[in-house]
Amino acid sequence: MTEALPVFPYHPDPPSTGSIAPSATACVCCGRVRGYIYKGPVHAVADLSDLLYPWCIADGSAAQRYEAHFTGELIGDEVSLEVVLSVDARTPGFSAWQDPQWFFHCGDGAAFLGPVGATDLAAFPDAIEVLRSEALAWGWAADKVENHLGALDKDSQPTAYLFRCRTCSTHLAYADFT
Ligand SMILES: [Zn+2]
Ligand SMILES: [Zn+2]
């Protein structure tokens, strides 16, 4: 028995990003089985990995009961505490090679579109430019930066993580690897 997933304004399609998957597991927060489980990272007072379902993230009950946070480090614009909590406490996070980061732009949280590689990024020149600036800021030479951008892979490192600003629609991305 599966039903429509809750709407996550900052993570529009979590099944496509691997953060939510079909499962018959009961949610540890409410004990119900509704056909999906959250697969992403959880920072909380208990180990809740693969034990929460999306509805208890969306309505804030998991955050309230377990002091749970899901989305990792926030980068970019300063935003209100209310926005921070909407993202960090009521949005499914995603798994990355390092601790995940979440973009803020135009005073709001950006929407996470998923992990991407060089092929996927070809359609998002604005995101490639952000990734290029990021790698140049690491002090890398231009040819090393271009090799890095060409080596980005959705499934193996280095991987880029693609976001879209909910206000100006600019695409943003960062990359990580171990
Ligand atoms: Zn629950
Ligand atoms: Zn923006």
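About the criteria used
Residues numbered from 1 in each chain as written. Chains lettered and ligands numbered in written order. Predicted model: local features only at pLDDT ≥ 70, side-chain atom pairs only at ≥ 80, totals over all residues. Pairing = 2+ DSSP bridges. Helix = DSSP H or I, 4+ residues; strand = E, 2+ residues; numbered from the N terminus. Axes fitted to C-alpha atoms, helices over the stretch in contact; angles between N-to-C directions. Contact = placed C-beta atoms within 7 Å. Core = buried A, V, L, I, M, F, W, Y, C linked by C-beta atoms within 7 Å. Buried ≥ 20, exposed ≤ 12 C-beta atoms within 10 Å, placed from the backbone. pLDDT = per-residue confidence, 0-100.

S.K.: Go over the sheet that holds strand S5 (residues 108-109), please, and point to the residues and values.
M.R.: Spatial ordering of the open sheet is given by S3-S4-S5, a layout of three strands whose pairing is mixed. Strands at the two margins of the open sheet, each flanked by one partner only, are strand S3 (73-76) and S5. Across two bridges, the pairing between strand S4 (residues 101-105) and S5 is antiparallel. If you follow His105 over to S5, its bridge partner there is Asp108.

S.K.: Which residues make up the sheet that holds strand S8 (residues 171-176), and what values go with them?
M.R.: Read across the open sheet, the three strands follow the order S6-S7-S8; overall the sheet is antiparallel. Unpaired on one side and paired on the other, strand S6 (111-116) and S8 mark the two borders of the sheet. For this sheet, the mean angle separating the axes of adjacent strands, direction not counted, is 20°. Judged from the five bridges that link them, S6 and strand S7 (residues 159-164) form a sheet pairing that is antiparallel. The residue bridging Gly114 from the neighbouring strand is Leu162, located in S7. Along the sheet face, helix H6 (residues 125-137) touches S7 and S8 and points at about 40° away from the line of S8.

S.K.: Describe the nonpolar core, with residues and values.
M.R.: Side chains of nonpolar character tend, in soluble globular proteins, to be buried together. Ranked by internal contacts, the top residues of the largest apolar core, which has 29 residues, are Ala127, Ala160, Leu162, Phe163, Leu172 and Ala173. For this core, the secondary structure elements donating two or more residues are S4, S6, H6, S7 and S8. Ranked by size, the runner-up nonpolar core spans 16 residues in total, among them Leu52, Tyr53, Ile57 and Ala68.

S.K.: Lay out the environment of Ala111 with the relevant residues and their values.
M.R.: Residue position: Ala111 is located in strand S6. Taking the number of C-beta atoms within 10 Å as the measure of exposure, Ala111 has 20 and is therefore buried. Taking the C-alpha atoms as reference points, Ala111 and Phe163, separated by 52 residues in sequence, lie 5.3 Å from one another. If sequence neighbours within four positions are ignored, Ala111 has contacts with Tyr10, His11, Pro12, Phe163, Arg164 and Arg166.

S.K.: Help me get a handle on the confidence of the model for the chain, residues and values and all.
M.R.: Averaged over the chain, the pLDDT score is 94; the fraction of residues at 70 or greater is 99%. Confidence, read as mean pLDDT per element, is least for S3 in the chain (85) and greatest for S7 (98).

S.K.: Any chance you could break down unusual backbone geometry for me, citing the residues and the numbers?
M.R.: Backbone phi values are negative for most residues with the exception of glycine, while trans is the configuration of most peptide bonds. Pro158 follows Gln157 through a cis peptide bond whose omega is -5°. One can find Pro158 in the loop between helix H7 (142-151) and S7. Notably, Glu67 is not glycine yet its phi reads approximately 50°, a positive angle. Among the structural elements, Glu67 can be located in the loop between helix H3 (61-66) and S3. Backbone geometry at Cys106 places phi at a positive 55°, although glycine is not the residue there. Relative to the helices and strands, Cys106 resides in the loop between S4 and S5.

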